[in-house]
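# Fold and contact review
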Amino acid sequence: MTPVSTSVASNLPTLPADWVIRPRRAKDIPGVIELMRRVYVQPHGPEAVWPAETLVKHLETFPEGQLLIVDGKGRVIADSTSMLVTSELALRPHRWSEITGHGTLATHDPRGDVFYGVDLAVDPEFQGTGLAHILYDARIALAIHLGCKTFVAGGRMPGYHLTSDLLSPESYLALIERGLLFDPTLSKQLRLGFILRGLLRDYISDPESENCAALICMEL
Ligand SMILES: CC(C)(COP(=O)(O)OP(=O)(O)OC[C@H]1O[C@@H](n2cnc3c(N)ncnc32)[C@H](O)[C@@H]1OP(=O)(O)O)[C@@H](O)C(=O)NCCC(=O)NCCS
(Lines give C-alpha, C1' and ligand atoms only; values in the text may rest on other atoms or scores of the structure.)
Protein backbone atom coordinates (compact mmCIF):
# COMPACT_ATOMS: atom_id res chain seq x y z
CA MET A 1 0.00 0.00 0.00
CA THR A 2 1.32 3.44 -0.87
CA PRO A 3 1.02 5.82 2.09
CA VAL A 4 -0.82 9.00 1.18
CA SER A 5 -1.18 11.87 3.58
CA THR A 6 -4.91 12.28 4.14
CA SER A 7 -7.31 11.88 7.02
CA VAL A 8 -11.05 11.55 7.46
CA ALA A 9 -10.88 13.83 10.45
CA SER A 10 -7.98 15.93 11.63
CA ASN A 11 -7.43 14.24 15.01
CA LEU A 12 -6.12 10.90 13.71
CA PRO A 13 -5.56 8.56 16.68
CA THR A 14 -2.25 6.67 16.93
CA LEU A 15 -1.74 2.94 17.43
CA PRO A 16 0.30 1.52 20.31
CA ALA A 17 3.95 1.21 19.21
CA ASP A 18 3.85 -2.56 18.68
CA TRP A 19 0.50 -2.62 16.80
CA VAL A 20 0.48 -2.62 13.00
CA ILE A 21 -1.97 -1.67 10.25
CA ARG A 22 -1.31 -3.59 7.04
CA PRO A 23 -2.98 -5.57 4.24
CA ARG A 24 -4.50 -8.90 5.27
CA ARG A 25 -2.44 -12.01 4.46
CA ALA A 26 -3.44 -15.68 4.12
CA LYS A 27 -1.96 -16.44 7.54
CA ASP A 28 -4.36 -13.90 9.11
CA ILE A 29 -7.50 -15.76 8.01
CA PRO A 30 -8.04 -17.74 11.27
CA GLY A 31 -7.54 -14.52 13.25
CA VAL A 32 -10.06 -12.64 11.11
CA ILE A 33 -12.63 -15.39 11.62
CA GLU A 34 -12.02 -15.27 15.39
CA LEU A 35 -12.42 -11.47 15.34
CA MET A 36 -15.72 -11.71 13.44
CA ARG A 37 -16.99 -14.26 15.96
CA ARG A 38 -16.24 -11.79 18.77
CA VAL A 39 -17.90 -8.90 16.89
CA TYR A 40 -20.97 -10.54 15.34
CA VAL A 41 -22.43 -12.27 18.39
CA GLN A 42 -26.13 -13.08 18.78
CA PRO A 43 -28.61 -12.09 17.46
CA HIS A 44 -26.33 -12.49 14.44
CA GLY A 45 -26.13 -16.02 13.12
CA PRO A 46 -23.04 -17.88 11.87
CA GLU A 47 -23.59 -16.45 8.36
CA ALA A 48 -22.32 -13.08 9.70
CA VAL A 49 -18.81 -14.58 9.92
CA TRP A 50 -16.80 -14.95 6.69
CA PRO A 51 -15.95 -18.57 5.84
CA ALA A 52 -12.25 -19.14 5.11
CA GLU A 53 -12.98 -19.73 1.39
CA THR A 54 -14.52 -16.26 1.13
CA LEU A 55 -11.50 -14.66 2.79
CA VAL A 56 -9.23 -16.50 0.36
CA LYS A 57 -11.27 -15.11 -2.55
CA HIS A 58 -10.83 -11.57 -1.18
CA LEU A 59 -7.06 -12.01 -1.28
CA GLU A 60 -7.17 -13.43 -4.80
CA THR A 61 -9.39 -10.59 -6.05
CA PHE A 62 -8.23 -7.36 -4.40
CA PRO A 63 -5.47 -8.09 -1.88
CA GLU A 64 -4.42 -4.50 -1.33
CA GLY A 65 -7.99 -3.55 -0.40
CA GLN A 66 -8.22 -5.77 2.67
CA LEU A 67 -6.67 -3.93 5.61
CA LEU A 68 -6.42 -4.98 9.23
CA ILE A 69 -4.84 -4.05 12.54
CA VAL A 70 -2.89 -6.57 14.61
CA ASP A 71 -1.72 -6.07 18.19
CA GLY A 72 1.79 -6.73 19.53
CA LYS A 73 1.02 -10.44 19.92
CA GLY A 74 -0.19 -10.77 16.31
CA ARG A 75 -3.87 -10.96 17.27
CA VAL A 76 -6.27 -9.45 14.70
CA ILE A 77 -8.02 -6.57 16.51
CA ALA A 78 -9.75 -4.86 13.58
CA ASP A 79 -10.41 -5.83 9.98
CA SER A 80 -11.85 -4.18 6.87
CA THR A 81 -13.05 -5.56 3.54
CA SER A 82 -13.30 -3.34 0.47
CA MET A 83 -13.77 -3.50 -3.29
CA LEU A 84 -14.13 -1.22 -6.31
CA VAL A 85 -17.40 -0.74 -8.19
CA THR A 86 -18.88 1.84 -10.54
CA SER A 87 -20.84 4.78 -9.16
CA GLU A 88 -23.83 3.68 -11.27
CA LEU A 89 -24.06 0.52 -9.17
CA ALA A 90 -23.05 1.99 -5.82
CA LEU A 91 -25.29 5.05 -5.76
CA ARG A 92 -28.55 3.42 -6.78
CA PRO A 93 -30.60 1.23 -4.40
CA HIS A 94 -28.86 -2.13 -4.03
CA ARG A 95 -28.45 -5.13 -1.78
CA TRP A 96 -25.19 -6.13 -0.10
CA SER A 97 -25.23 -9.61 -1.66
CA GLU A 98 -25.70 -8.37 -5.22
CA ILE A 99 -23.06 -5.64 -5.06
CA THR A 100 -20.46 -7.83 -3.30
CA GLY A 101 -21.18 -11.14 -5.05
CA HIS A 102 -22.53 -12.59 -1.78
CA GLY A 103 -19.44 -11.29 -0.01
CA THR A 104 -16.96 -13.01 -2.37
CA LEU A 105 -16.04 -9.76 -4.19
CA ALA A 106 -16.71 -11.53 -7.52
CA THR A 107 -18.25 -8.21 -8.62
CA HIS A 108 -15.03 -6.26 -7.93
CA ASP A 109 -14.36 -3.94 -10.90
CA PRO A 110 -10.71 -2.76 -11.03
CA ARG A 111 -11.83 0.21 -13.18
CA GLY A 112 -14.54 1.23 -10.72
CA ASP A 113 -14.53 4.82 -9.55
CA VAL A 114 -16.08 3.99 -6.17
CA PHE A 115 -14.22 2.47 -3.23
CA TYR A 116 -16.92 0.34 -1.59
CA GLY A 117 -16.84 -0.63 2.09
CA VAL A 118 -17.97 -4.24 2.34
CA ASP A 119 -17.31 -4.76 6.05
CA LEU A 120 -15.49 -3.24 8.99
CA ALA A 121 -15.17 -4.95 12.35
CA VAL A 122 -13.39 -3.76 15.49
CA ASP A 123 -12.88 -6.00 18.52
CA PRO A 124 -15.58 -5.05 21.07
CA GLU A 125 -12.86 -4.62 23.71
CA PHE A 126 -11.33 -1.79 21.65
CA GLN A 127 -14.37 -0.13 20.08
CA GLY A 128 -14.46 3.60 20.64
CA THR A 129 -10.67 3.91 20.77
CA GLY A 130 -10.16 5.18 17.23
CA LEU A 131 -9.35 1.95 15.37
CA ALA A 132 -12.11 2.47 12.78
CA HIS A 133 -10.86 6.01 12.28
CA ILE A 134 -7.36 4.66 11.59
CA LEU A 135 -8.67 2.00 9.18
CA TYR A 136 -10.89 4.49 7.34
CA ASP A 137 -7.95 6.85 7.02
CA ALA A 138 -5.83 4.11 5.42
CA ARG A 139 -8.69 2.97 3.16
CA ILE A 140 -9.24 6.55 1.98
CA ALA A 141 -5.52 6.95 1.26
CA LEU A 142 -5.66 3.76 -0.82
CA ALA A 143 -8.85 4.83 -2.59
CA ILE A 144 -7.28 8.16 -3.59
CA HIS A 145 -4.12 6.39 -4.73
CA LEU A 146 -6.29 4.12 -6.94
CA GLY A 147 -8.05 7.14 -8.46
CA CYS A 148 -11.43 6.63 -6.81
CA LYS A 149 -13.71 9.63 -6.59
CA THR A 150 -16.08 8.44 -3.85
CA PHE A 151 -16.14 6.10 -0.82
CA VAL A 152 -19.54 4.42 -0.49
CA ALA A 153 -20.90 1.92 2.01
CA GLY A 154 -24.13 0.50 3.30
CA GLY A 155 -23.76 1.58 6.90
CA ARG A 156 -25.30 -0.65 9.54
CA MET A 157 -27.88 0.95 11.85
CA PRO A 158 -27.86 -1.60 14.70
CA GLY A 159 -29.67 0.66 17.14
CA TYR A 160 -32.75 0.73 14.94
CA HIS A 161 -34.40 -2.39 16.40
CA LEU A 162 -34.63 -0.61 19.77
CA THR A 163 -36.93 2.07 18.34
CA SER A 164 -38.57 0.37 15.36
CA ASP A 165 -41.94 0.10 17.09
CA LEU A 166 -41.99 3.91 17.24
CA LEU A 167 -39.98 5.06 14.24
CA SER A 168 -39.80 4.25 10.56
CA PRO A 169 -36.23 3.61 9.36
CA GLU A 170 -36.35 6.94 7.50
CA SER A 171 -37.31 8.79 10.72
CA TYR A 172 -34.57 6.95 12.62
CA LEU A 173 -31.97 8.04 10.05
CA ALA A 174 -33.20 11.63 10.21
CA LEU A 175 -32.75 11.67 14.00
CA ILE A 176 -29.29 10.09 13.74
CA GLU A 177 -28.26 12.59 11.09
CA ARG A 178 -29.35 15.50 13.29
CA GLY A 179 -27.47 14.02 16.26
CA LEU A 180 -30.67 13.57 18.29
CA LEU A 181 -30.14 9.80 18.57
CA PHE A 182 -26.86 7.85 18.73
CA ASP A 183 -26.37 4.69 16.70
CA PRO A 184 -23.33 2.57 17.68
CA THR A 185 -22.25 2.17 14.06
CA LEU A 186 -23.84 4.83 11.85
CA SER A 187 -23.24 7.77 14.19
CA LYS A 188 -19.52 6.95 14.24
CA GLN A 189 -19.39 6.83 10.43
CA LEU A 190 -21.12 10.21 10.18
CA ARG A 191 -18.72 11.55 12.79
CA LEU A 192 -15.86 10.49 10.53
CA GLY A 193 -17.21 12.57 7.64
CA PHE A 194 -19.60 10.33 5.74
CA ILE A 195 -22.76 11.92 4.34
CA LEU A 196 -26.12 10.19 4.54
CA ARG A 197 -27.58 9.63 1.04
CA GLY A 198 -30.65 7.54 1.86
CA LEU A 199 -32.09 4.29 3.13
CA LEU A 200 -31.32 0.87 1.67
CA ARG A 201 -34.20 -1.51 2.47
CA ASP A 202 -33.59 -5.28 2.46
CA TYR A 203 -29.87 -4.53 2.24
CA ILE A 204 -28.65 -7.51 4.27
CA SER A 205 -29.88 -10.02 6.81
CA ASP A 206 -29.22 -8.02 9.98
CA PRO A 207 -31.68 -8.37 12.86
CA GLU A 208 -30.37 -5.33 14.73
CA SER A 209 -30.78 -3.06 11.68
CA GLU A 210 -34.02 -4.85 10.72
CA ASN A 211 -32.32 -5.64 7.38
CA CYS A 212 -31.93 -1.93 6.56
CA ALA A 213 -28.76 0.07 5.99
CA ALA A 214 -27.87 3.70 5.41
CA LEU A 215 -26.35 4.58 2.06
CA ILE A 216 -23.36 6.67 3.10
CA CYS A 217 -20.83 8.47 0.89
CA MET A 218 -17.69 10.51 1.16
CA GLU A 219 -16.29 12.51 -1.76
CA LEU A 220 -12.52 11.97 -1.95
C1 LIG B 1 -18.71 0.52 13.78
C2 LIG B 1 -17.29 0.20 14.27
C3 LIG B 1 -16.49 -0.40 13.13
C4 LIG B 1 -16.64 1.51 14.72
O5 LIG B 1 -15.34 1.23 15.18
P6 LIG B 1 -14.68 2.02 16.40
O7 LIG B 1 -13.25 1.63 16.44
O8 LIG B 1 -15.50 1.81 17.61
O9 LIG B 1 -14.80 3.55 15.92
P10 LIG B 1 -13.85 4.75 16.39
O11 LIG B 1 -13.44 4.55 17.81
O12 LIG B 1 -12.78 4.93 15.37
O13 LIG B 1 -14.86 5.97 16.35
C14 LIG B 1 -15.17 6.64 15.14
C15 LIG B 1 -15.69 8.02 15.48
O16 LIG B 1 -16.89 7.93 16.25
C17 LIG B 1 -16.76 8.67 17.47
N18 LIG B 1 -17.20 7.84 18.60
C19 LIG B 1 -16.68 6.65 18.97
N20 LIG B 1 -17.34 6.18 20.05
C21 LIG B 1 -18.29 7.12 20.35
C22 LIG B 1 -19.29 7.22 21.35
N23 LIG B 1 -19.46 6.24 22.27
N24 LIG B 1 -20.09 8.30 21.35
C25 LIG B 1 -19.94 9.27 20.42
N26 LIG B 1 -18.99 9.23 19.44
C27 LIG B 1 -18.20 8.16 19.42
C28 LIG B 1 -15.31 8.95 17.68
O29 LIG B 1 -15.19 10.23 18.23
C30 LIG B 1 -14.67 8.78 16.33
O31 LIG B 1 -14.42 10.02 15.71
P32 LIG B 1 -13.03 10.78 16.00
O33 LIG B 1 -11.93 9.77 15.91
O34 LIG B 1 -12.96 11.81 14.92
O35 LIG B 1 -13.13 11.35 17.36
C36 LIG B 1 -17.33 -0.76 15.47
O37 LIG B 1 -18.13 -0.23 16.48
C38 LIG B 1 -17.79 -2.16 15.13
O39 LIG B 1 -16.98 -3.04 14.77
N40 LIG B 1 -19.12 -2.41 15.25
C41 LIG B 1 -19.70 -3.73 14.98
C42 LIG B 1 -19.63 -4.12 13.52
C43 LIG B 1 -20.20 -3.05 12.61
O44 LIG B 1 -21.28 -2.54 12.83
N45 LIG B 1 -19.43 -2.73 11.55
C46 LIG B 1 -19.81 -1.71 10.59
C47 LIG B 1 -20.29 -2.32 9.33
S48 LIG B 1 -21.09 -1.07 8.29
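Residues numbered from 1 in each chain as written. Predicted model: local features only at pLDDT ≥ 70, side-chain atom pairs only at ≥ 80, totals over all residues.

### Here's the deal with the overall build of the chain
Defined as follows: Going along the chain from the N terminus, every DSSP run of H or I of four or more residues is numbered as a helix, and every run of E of two or more is numbered as a strand. Note that the radius of gyration is over C-alpha atoms, with the globule rule given as 2.2 Å times the number of residues to the power 0.38. Any residue with 12 or fewer other C-beta atoms within 10 Å of its own C-beta is exposed, any with 20 or more is buried, and the rest are partly exposed; the C-beta atoms used are placed from the backbone.
When you go through the chain residue by residue, the secondary structure sums to 7 helices and 7 strands. Ordered by position in the sequence, the α and β elements of the chain form the string β-α-α-β-β-α-α-β-α-β-α-α-β-β. Relative to the compact-globule value of 17 Å for 220 residues, the chain shows a C-alpha radius of gyration of 16 Å, a close match. Scored against the burial criterion, the 220 residues of the chain give a buried share of 38%.

### A short note on the site of the ligand
Note the cut-off: Nearness here has a simple definition: the residue's C-beta atom, placed using the backbone, must lie within 6 Å of the molecule or strand. Three classes are used, and their members are as follows: Ala, Val, Leu, Ile, Met, Phe, Trp, Tyr, Cys and Pro are nonpolar, Asp, Glu, Lys and Arg are charged, and the others, Gly among them, are polar.
The immediate surroundings of the ligand are formed by 24 residues, with Gln127, Ala132, His133, Thr185 and Lys188 found nearest. When contributions to the shell around the ligand are tallied by element, the ones reaching two or more residues are β4 (114-122), α5 (131-145), β5 (150-155) and α7 (186-191). Of the residues that constitute the shell around the ligand, the class distribution is 12 nonpolar, 8 polar and 4 charged.

### Remarks on the environment of Ala26
Of note, Ala26 is situated in the loop between β1 (20-23) and α1 (29-39). Classification of Ala26 by C-beta neighbours within 10 Å gives exposed; the count is 11. With 88 residues separating them in the primary sequence, Ala26 and Val114 have C-alpha atoms 26 Å apart.

### Some thoughts on unusual backbone geometry
Geometrically, the link from Gln42 to Pro43 is a cis peptide bond, its omega value of 15° lying close to zero. Relative to the assigned elements, Pro43 resides in the loop between α1 and α2 (52-61). One non-glycine residue, His102, adopts positive backbone phi at about 55°. For His102, the position within the fold is in the loop between α4 (96-100) and β4. Residue His102 is classed as exposed on the basis of its 12 C-beta neighbours within 10 Å. Positioned with a positive phi, Asp202 is a non-glycine residue whose angle comes to about 50°.

### Notes on α5
Inclusion rule: Expected helix span is taken as 1.5 Å per residue step, with the number of steps being one fewer than the number of residues.
For α5, built from 15 residues, the straight-helix expectation of 21 Å at 1.5 Å per residue is met to within 8% by its first-to-last C-alpha distance of 21 Å. Most of α5 sits out of view: 13 of its 15 residues are buried. One or two steps after α5, the chain reaches Gly147, where phi turns positive at roughly 90°.

### Considering the nonpolar core
Where we set the bar: Think of a nonpolar core as buried Ala, Val, Leu, Ile, Met, Phe, Trp, Tyr and Cys residues, each tied to the set through C-beta atoms within 7 Å. Residues are defined as contacting one another if the C-beta atoms placed from their backbone atoms lie within 7 Å.
Membership of the largest hydrophobic core comes to 56 residues, with the highest contact counts inside it found for Val32, Ile69, Ala78, Val114, Tyr116, Leu131 and Leu135. Ranked by the residues each element gives to this core, the list is headed by α5, at 10 residues. With residues up to four places along the chain from it excluded, the contact list for Ala78 reads Leu68, Ile69, Ala121, Val122, Asp123, Leu131 and Leu135.

### Quick word on the sheet that holds strand β3 (residues 76-85)
Under the convention used in this document: Pairing between strands is defined by DSSP: at least two bridges between the two strands are required. Axis lines are fitted through C-alpha atoms, for helices just across the contact stretch, and the angle between N-to-C directions can take any value from 0 to 180 degrees.
Read from one edge to the other, the open sheet built from 7 strands follows the order β1-β2-β3-β4-β5-β7-β6, with strand pairing classed as mixed. In this open sheet, the two strands that pair with only one neighbour each are β1 and β6 (195-200). Averaged over all neighbouring strand pairs, the angle between strand axes comes to 25°, with direction disregarded. Of the strand pairs in this sheet, β5 and strand β7 (residues 213-219) are connected by 6 bridges, and their pairing is antiparallel. Paired with Val152 across the two strands is Cys217, which belongs to β7.

### Examining the pairing of β3
Most of β3 sits out of view: 10 of its 10 residues are buried. In terms of strand pairing, strand β2 (residues 67-70) meets β3 through 4 bridges, oriented antiparallel. Considered in β3, the bridge of Val70 is made with Val76. One ladder, built from 8 bridges, connects β3 with β4; its direction is antiparallel. Residue pairing across strands places Ser80 opposite Leu120, the latter belonging to β4.

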